[in-house]
Amino acid sequence: MQKYIDIHSHLGLLTLEENKEEIIAKMIEKDVATIVIGVDYETSKKGIELAEKYDFIWAGVGFHPTDNNGEVFDLEEFKKLALHKKVVCIGECGLDYFRDSSEEIKKEQKELFEKHVELALSVKKPLMIHSRPSNGTQDAYEDALSILEKYKGKISGNFHFFVGDLSIAKRALDIGFTMSFDGPITFTDEYDELIKFIPLESIMCETDAPFVAPVPYRGKTCEPWMVEEVYKKIAKIKNLSVEEVALVVKKNVRRVFGI
Ligand SMILES: [Zn+2]
């Protein structure tokens, strides 16, 4: 396994499609592996194709709660994708109340999320969760956790791009879930306390490329190899060397995703 792993990128998808060969060359140079995360059926399939080509790329299959092209989630079709040996998680999936937190949207999204939980349970793979609350609340986390707490001990997974508060982090830890951090931790100290609190054994690193590049690449398109900056910042906050952080995160990835 590579030194660093970006557990959540959209490499080869979204805007990272055209120059993916170049990005992959840079990942090899920087010793970075990644899990390519689908947001709908097409991108999930494309992620698998990429994972079949490279031994340092894995895939996640699922429907983003809002950016899913408005397609209907076909559980049986997704099950076929999910059984692929290089698919290491179900997602991204979850709840996103940021733009619309009406009861109708919440209900729809919860139903879609429950289908992903069902899929994860049936193929025995962890969840990659996207949770984005409405402004000034923790609502999407609270609802996602209420669903997941029913399956405590039976299901595992990771809260991607974690921006929850301390009480949410405690609930996530209580059901054995990990939390991953991204570019923003390199340019704001808002997450320092949270990262100090969460044991390193429950932390993962990611880029969510092409979104939110870390310092010193801000303003550029985010690419998976930039994940090194996230590791460095976590090492700084935890007062550890980047090598120590990389080693523990690697163990976390092995435990949760079986990589
Ligand atoms: Zn994503």
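Rules used throughout
- Residues numbered from 1 in each chain as written.
- Predicted model: local features only at pLDDT ≥ 70, side-chain atom pairs only at ≥ 80, totals over all residues.
- Heavy atoms only, no water.
- Phe/Tyr/Trp six-rings, centres within 6.5 Å; stacked < 30°, edge-to-face > 60°.
- Helix = DSSP H or I, 4+ residues; strand = E, 2+ residues; numbered from the N terminus.
- Buried < 20%, exposed > 50% of the residue type's maximum accessible area, 1.4 Å probe, protein only.
- Salt bridge = Lys/Arg side-chain N within 4 Å of Asp/Glu carboxyl O.

1. Let's talk about the packing of aromatic side chains
No. 1: Inspection of the entire model under this criterion finds 12 aromatic pairs.
No. 2: Aromatic pair Y4 and Y231: ring centres 4.7 Å apart, planes at 55°, arrangement tilted. Highlighted residues: Y4 in strand 1 (residues 4-9) and Y231 in helix 8 (residues 227-238), separated in sequence by 227 residues.
No. 3: On the basis of relative accessible area, Y231 is assigned to the buried category, the value being 0%.
No. 4: A centroid spacing of 5.5 Å and a plane angle of 90° characterise the contact between F63 and F78, whose relative ring orientation is edge-to-face. Of this pair, F63 sits in the loop between strand 3 (57-61) and helix 3 (75-82) while F78 sits in helix 3, and the two are 15 residues apart along the sequence.
No. 5: Accessibility expressed as a relative area gives 1% for F63, which makes it buried.

2. A look at the pattern of salt bridges
No. 1: Applying the stated rule across the entire model yields 13 salt bridges.
No. 2: The partner of K110 in a salt bridge is D143, with the nearest N and O atoms 3.6 Å apart. Of the two residues, K110 is situated in helix 4 (residues 103-123) and D143 in helix 5 (residues 139-148); the sequence distance between them amounts to 33 residues.
No. 3: Across the salt bridge formed by R171 and E149, the nearest N and O atoms sit 2.9 Å from each other. Here E149 lies in the loop between helix 5 and strand 6 (157-160) and R171 lies in helix 6 (residues 166-174), a separation of 22 residues in the sequence.
No. 4: R171 gets classed as partly exposed once you look at its relative accessible area, which sits at 26%.

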